[in-house]
Amino acid sequence: MTFYVYRPAERAFLAEDEKSWTPDMFSAAGFTDRQTADQIALRELGPGHDAHVLDDGVDI
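Residues numbered from 1 in each chain as written. Predicted model: local features only at pLDDT ≥ 70, side-chain atom pairs only at ≥ 80, totals over all residues. Heavy atoms only, no water.

## With respect to the environment of A12
Along the chain, A12 falls in strand β2 (residues 12-14). Here A12 falls in the buried class, since its relative accessible area comes to 7%. Through-space distance from the C-alpha of A12 to that of T22 is 5.1 Å; in sequence the pair is 10 residues apart. Not counting the four nearest positions on each side in its chain, A12 is found in contact with V5, Y6, R7, W21, T22 and P23. (Helix = DSSP H or I, 4+ residues; strand = E, 2+ residues; numbered from the N terminus. Buried < 20%, exposed > 50% of the residue type's maximum accessible area, 1.4 Å probe, protein only. Contact = heavy atoms within 4.5 Å.)

## What about helix α1 (residues 34-45)?
For α1, built from 12 residues, the straight-helix expectation of 16 Å at 1.5 Å per residue is met to within 8% by its first-to-last C-alpha distance of 16 Å. Regarding α1, the residues found buried are A37, I40 and A41. One side of α1 holds all its buried residues, which, seen down the axis, span an arc of 100°. The N-terminus of α1 is capped by D33, whose side-chain oxygen sits 3.2 Å from the backbone nitrogen of Q35. (Expected span 1.5 Å × (residues − 1). Arc of directions from axis to C-beta. Polar contact = N/O pair within 3.5 Å; in protein donor to acceptor, adjacent residues only side chain to side chain.)

## Concerning the side chain of T22
Secondary-structure assignment places T22 in strand β3 (residues 21-22). A residue is classified by how much of its surface remains accessible, and T22, at 11% relative accessible area, is buried. Side-chain polar atoms of T22 contact the backbone nitrogen of D24, separated by 3.2 Å. Look past the residues within four positions of T22 in its chain and what remains in contact with it is A12, F13, A15, S27 and A28.

Dropping the structure here:
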């Protein structure tokens, strides 16, 4: 399963460079676990951020 950081107000995913945002999930940074994605969102946006961690639903 892959996890992505998504900002619904911006309709954007955290991009591969982990600094910019993209509307395309296929250009988004993918993380192997939810905890890492949460930590990256906190690092990039700070406490109280508006991002959500979404998964791709694929369980291999």
